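Here is what each chain is made of, one letter per residue.
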Amino acid sequence: MARIDYADPAQLDGLAAKAFENAPPINIFRMLAHAGPLFGRFMQFGQGILAETELDPQLRELAILRVGHLSGAAYEVQQHETISRQMKMREELISAARTGDTAGLSDVEAEVLAYTDDVVKNVKASDATFQPLIGRLGTRQMQELTITIGFYMLVSRFLETFEVDLEDGEVPDLANMTRTS
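What you see is a predicted model, and the numbers here were worked out from it, not measured in a lab.

**Let's talk about helix H3 (residues 37-51)**
Alright, step 1. Its 15 residues give H3 an end-to-end C-alpha distance of 21 Å, which sits within 8% of 21 Å, the value for a rise of 1.5 Å per residue.
Alright, step 2. Along H3, the residues classified as buried are Phe39, Gly40, Phe42, Met43, Gly46, Gly48, Ile49 and Leu50.

This is how it looks when you write it as structure tokens:
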């Protein structure tokens, strides 16, 4: 059970009210709405990560799932496993995000997992995980990946701190929030 009550939409105004109207009806957004204008900015930033980056969407989801698993954030994992499946992501990648096992993954997929682990566990990525990946992704995508990891570390910590409840029943189709082409 959540640590505090979910926001009452009737009590929202400004950017928070507008963000709430446009948000899927899921618990994370019902909890985040308490943050007022920050909720709207959070939604804009999150949408930017999901829809306005050059990073391959499957590599992005691999990193997000790994952050969720490393953070023990069941809600995050549930939502993004659903998104990953809606995107037709290989089950092998979803499993690798859970276990960290890179057998059968491409080099870039294995490098994204190792880099994500390094950033989450050590804050600063080592040269051993940074150098091979920047050679593959280039500067922009490497920064997008790092920003994605950091954002979802924030999301996971928020979810766990406020004990946001898992959704009852079927999770809405959230893949339409992501760029899948």
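Now that the structure is up, let's keep going.
**Considering unusual backbone geometry**
Alright, step 1. Positive phi, normally seen in glycine, also occurs at Lys88, with a value near 70°.
Alright, step 2. Relative to the helices and strands, Lys88 is located in the loop between helix H5 (74-86) and helix H6 (91-99).
Alright, step 3. Non-glycine residue Val123 carries a positive phi angle of around 70°.
Alright, step 4. Here Val123 shows up in the loop between helix H7 (107-122) and helix H8 (127-161).
Alright, step 5. Residue classification places Val123 among the exposed positions, given a relative accessible area of 70%.

**Let's talk about the nonpolar core**
The nonpolar side chains of a soluble globular protein tend to be buried with one another.
Alright, step 1. Within the largest apolar cluster, 51 residues are counted, with the highest numbers of intra-cluster contacts made by Ile28, Phe29, Phe39, Tyr115, Leu145, Ile149 and Tyr152.
Alright, step 2. Of all the secondary-structure elements, those providing two or more residues to this core are helix H1 (14-22), helix H2 (27-32), H3, helix H4 (57-71), H6, H7 and H8.
Alright, step 3. Top element by residues in this core is H8. It accounts for 11 residues.
Alright, step 4. Those residues in contact with Leu145 that lie beyond four places of it in its chain are Leu55, Ala63, Val112, Tyr115, Leu133 and Leu137.

**Quick notes on the packing of H4 against H5**
Alright, step 1. Where H4 meets H5, the axes come as close as 9 Å, and the angle between the chain directions of the two elements is 160°. What the angle tells us is that H4 and H5 run roughly antiparallel. Crossing of H4 against H5: the hand is left-handed. The segment H4 lies against H5, with Glu61, Ile64, Leu65, Gly68 and His69 engaging Glu76, Val77, His80, Glu81, Ile83 and Ser84.

**Observations concerning the side chain of Glu111**
Alright, step 1. Counting through the fold element by element, Glu111 comes out in helix H7.
Alright, step 2. Setting aside chain neighbours within four positions, we find Glu111 in contact with Pro132, Leu133 and Arg136.

**Side note on the packing of aromatic side chains**
Alright, step 1. Applying the stated criterion across every chain yields a total of five aromatic pairs.
Alright, step 2. Seen from their ring centres, Phe151 and Tyr152 are 5.1 Å apart, and the 80° between their planes marks the pair as edge-to-face. Accessibility classification places Phe151 together with Tyr152 in one group, the buried group.
Alright, step 3. An aromatic cluster is defined as three or more aromatic residues linked by ring pairs; in this entry it consists of Phe42, Phe45, Phe151 and Tyr152.

Here is what the cut-offs are and how they apply
- Residues numbered from 1 in each chain as written.
- Predicted model: local features only at pLDDT ≥ 70, side-chain atom pairs only at ≥ 80, totals over all residues.
- Heavy atoms only, no water.
- Helix = DSSP H or I, 4+ residues; strand = E, 2+ residues; numbered from the N terminus.
- Expected span 1.5 Å × (residues − 1).
- Buried < 20%, exposed > 50% of the residue type's maximum accessible area, 1.4 Å probe, protein only.
- Core = buried A, V, L, I, M, F, W, Y, C linked by side-chain atoms within 4.5 Å.
- Contact = heavy atoms within 4.5 Å.
- Axes fitted to C-alpha atoms, helices over the stretch in contact; angles between N-to-C directions.
- Parallel < 35°, antiparallel > 145°, perpendicular 65-115°, else oblique.
- Left-handed = near helix turned anticlockwise from the far one by under 90°.
- Phe/Tyr/Trp six-rings, centres within 6.5 Å; stacked < 30°, edge-to-face > 60°.

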